[in-house]
Amino acid sequence: IKKITNLVLLFIAKRLTEIFGVLVFFLGIFLFTSLISYSPEDPNFIFPENVEIKNLLGFRGSYVSDLFFQSIGLISYLFSITLIFTGINIALIKDPFLILESLFYSVIYLLLGSSFLNNFYDSTFALFINGNGGFIGNYLNEKLFGNLIALNQSISYYLLIVLITSFFLLSINFNLKNFLSLLKK
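Residues numbered from 1 in each chain as written. Predicted model: local features only at pLDDT ≥ 70, side-chain atom pairs only at ≥ 80, totals over all residues. Heavy atoms only, no water.

## Details of the layout of surface pockets
Now for step 1: Approximately 280 Å³ is the volume attributed to the largest pocket.
Now for step 2: Around the largest pocket sit Phe 85, Ile 88, Asn 89, Leu 92, Ile 93, Ile 172, Asn 173, Phe 174, Asn 175, Asn 178, Phe 179 and Leu 182, which together line it.
Now for step 3: Within the residue set of the lining of the largest pocket, elements represented by two or more residues are α3 (76-93) and α7 (176-184).
Now for step 4: Of the residues forming the lining of the largest pocket, the biggest block, five residues, is contributed by α3. (1 Å grid on protein atoms, 1.4 Å probe; cavity = no way out; pocket = protein on both sides within 12 Å on 5 of 7 lines; lining within 4 Å. Points joined across faces, edges and corners; volume = space filled by probe spheres on them. Helix = DSSP H or I, 4+ residues; strand = E, 2+ residues; numbered from the N terminus.)

Structure below.
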């Protein structure tokens, strides 16, 4: 009975982990869909009176995409991709704690990416309130990274690109060896 109980518990734990992975995957898909279909004319926290919603996910998608774009900017797209890959990895590897590792690396690249976009690509047409880096990018450049980046613009530019890319790849559990073996097939 003890052996059967352990097998049943292990089976249930694996299925719950797979369900959690699928939920994270769909959360990433929904976030990506709301970000892709973002329209500045949709109702949001600043201008809630507009009634025509162009976002594919409706009212909630409009608010979620506006929240992400206004806070961290265009780097939000990478976060939705991270959620998609993390959900797949959780379901395949059956390790629910991958989400913690993924979120840790995501926070780092979100902060660096928000600051990068605010400093180097601030002008925008769609995100006219806080720019491409969001208000977090504005804050980080004013208080922390602005003076460091100003020391040498070109080195800072490439260093931030390398750091953002590295932390993004870490957040999706990218494995170069597995990727190269996949390409060979």
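So that's the structure; there's more coming.
## Structural notes on helix α2 (residues 58-71)
Structural remark: α-helix, 3.6 residues per turn; residues separated by three or four positions point the same way.
Now for step 1: Here α2 spans 20 Å end to end across 14 residues, near enough to the 20 Å set by a 1.5 Å rise per residue.
Now for step 2: Listing the buried residues of α2 in full gives Gly 61, Ser 62, Tyr 63, Ser 65, Asp 66, Phe 69, Gln 70 and Ser 71.
Now for step 3: Taken together, the buried residues of α2 touch α1 (2-36), α3, α4 (98-120) and α5 (134-151).
Now for step 4: Of the residues flanking the end of α2, it is Gly 73, one or two places downstream, whose phi is positive at about 85°. (Expected span 1.5 Å × (residues − 1). Buried < 20%, exposed > 50% of the residue type's maximum accessible area, 1.4 Å probe, protein only. Contact = heavy atoms within 4.5 Å.)

## Quick notes on the pattern of salt bridges
Now for step 1: By the definition in use, this model includes two salt bridges.
Now for step 2: The residue Glu 18 makes a salt bridge to Arg 15 at a minimum N-O spacing of 2.9 Å. Linking Glu 18 with Arg 15, this pair stays in helix α1, spanning three residues, or about one helical turn.
Now for step 3: Glu 18 gets classed as partly exposed once you look at its relative accessible area, which sits at 22%.
Now for step 4: Between Lys 94 and Glu 18 there is a salt bridge, with the nearest N and O atoms lying 2.9 Å from each other. With Lys 94 in the loop between α3 and α4 and Glu 18 in helix α1, the pair connects residues that are 76 residues apart, well separated along the chain.
Now for step 5: Judged by relative accessible area, which is 29%, Lys 94 ranks as partly exposed. (Salt bridge = Lys/Arg side-chain N within 4 Å of Asp/Glu carboxyl O.)

Keep in mind that these numbers describe shape and distance, not what the molecule does.
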